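Structure at a glance
These are the residues of each chain, in order.
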Amino acid sequence: MQAYCVSEGVSCALIDSKVLSSTNKDIIYNMCLEKEIAILDNADLYLNGELFDKIRNLDCTVIISKKRTFDLNMEDVHLYIVKYEGDILCTKRWQ
């Protein structure tokens with residue numbers, strides 16, 4: 001997804017385990033500011049309700065990979081099923 005954004009000239013923030021080893025939640029939020037897309041991978045490791053509420057209010061599309069969402073305010077959120085096949089990424093709206 002990040003490679004696609006770069007190739008299309010879309011500003012993108014990728015938050016993943018590489019970033020997390022030395023990053024706190026305020027820095028994660030700041031990385032997403034002024035981006036068109038914010039990708040939060042493995043968000044179960046760091047995304048809590050407070051950070052989620054801050055990030056979802058940004059003026060960008062936020063894509064979150066998270067298995068458990070019970071701890072988040074899911075109002076006005078769209079869920080998608082994502083399938084990877086080689087270099088192809090497919091999404092389908094779930095709800």
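Residues numbered from 1 in each chain as written. Predicted model: local features only at pLDDT ≥ 70, side-chain atom pairs only at ≥ 80, totals over all residues. Heavy atoms only, no water.

**Description of the overall build of the chain**
Assigned secondary structure in the chain consists of 4 helices and 5 strands. Relative to the 2.2 N^0.38 estimate, which gives 12 Å for 95 residues, the radius of gyration of the chain is 13 Å and therefore close to what a compact globule would have. The C-alpha extent of the chain, read off along each of the three principal axes, is 35 × 30 × 25 Å. Per-residue burial for the chain yields a buried fraction of 26% across its 95 residues. (Helix = DSSP H or I, 4+ residues; strand = E, 2+ residues; numbered from the N terminus. Rg over C-alpha atoms; globule rule 2.2 N^0.38 Å. Buried < 20%, exposed > 50% of the residue type's maximum accessible area, 1.4 Å probe, protein only.)

**A look at a nonpolar patch on the surface**
Nonpolar side chains collect at one region of the surface, where M1, Y80, V82, Y84 and L89 lie side by side and expose about 520 Å² of accessible area between them. Counting residues per element, the nonpolar patch draws most heavily on strand β4 (residues 80–85), at 3 residues. Looking at the element boundaries, Y84 is found in strand β4. Accessibility expressed as a relative area gives 65% for Y84, which makes it exposed. (Patch = residues over 30% accessible without salt bridge, like charges linked within 9 Å, V, L, I, M, F, W, Y side chains within 5 Å. Areas by Shrake-Rupley, 256 points an atom, 1.4 Å probe, with all protein chains shown as cover. Salt bridge = Lys/Arg side-chain N within 4 Å of Asp/Glu carboxyl O.)

**What about the packing of aromatic side chains?**
Evaluation of the coordinates by the stated rule reveals 0 aromatic pairs. In this structure, K54 packs its charged tip against the face of Y29, placed 4.5 Å from the ring centre. (Phe/Tyr/Trp six-rings, centres within 6.5 Å; stacked < 30°, edge-to-face > 60°. Lys NZ or Arg CZ within 6 Å of the ring centre and 35° of its normal.)

**So, the pattern of salt bridges**
Overall, the coordinates contain 4 salt bridges when judged by the stated rule. The partner of K54 in a salt bridge is D26, with the nearest N and O atoms 3.7 Å apart. Of this pair, K54 sits in helix α4 (residues 49–56) while D26 sits in helix α3 (residues 25–32), and the two are 28 residues apart along the sequence. The closest approach of N and O atoms between D44 and K66, which form a salt bridge, is 3.5 Å. Of this pair, D44 sits in the loop between β2 (37–40) and α4 while K66 sits in the loop between β3 (61–64) and β4, and the two are 22 residues apart along the sequence. Of the residues examined, D44 reaches a relative accessible area of 29% and is grouped as partly exposed. With relative accessibility at 17%, the residue K66 sits in the buried group.

**Notes on the side chain of K66**
Engagement of the side chain of K66 in a polar contact is seen with the backbone oxygen of R68, the distance being 3.1 Å. Not counting residues within four places of it along the chain, the set of residues in contact with K66 comprises A43, D44, L47, D71 and L72. (Polar contact = N/O pair within 3.5 Å; in protein donor to acceptor, adjacent residues only side chain to side chain. Contact = heavy atoms within 4.5 Å.)

**Concerning the sheet that holds β2**
Pairing in this open sheet of 3 strands is parallel, and the strands run β1-β2-β3 from one edge to the other. Unpaired on one side and paired on the other, β1 (12–15) and β3 mark the two borders of the sheet. Taking the axes of each pair of neighbouring strands and ignoring which way they run, one obtains an average angle of 10 degrees across the sheet. In terms of strand pairing, β2 meets β3 through 4 bridges, oriented parallel. (Pairing = 2+ DSSP bridges. Axes fitted to C-alpha atoms, helices over the stretch in contact; angles between N-to-C directions.)

So far we have only geometry, and geometry alone does not tell us how the molecule works.
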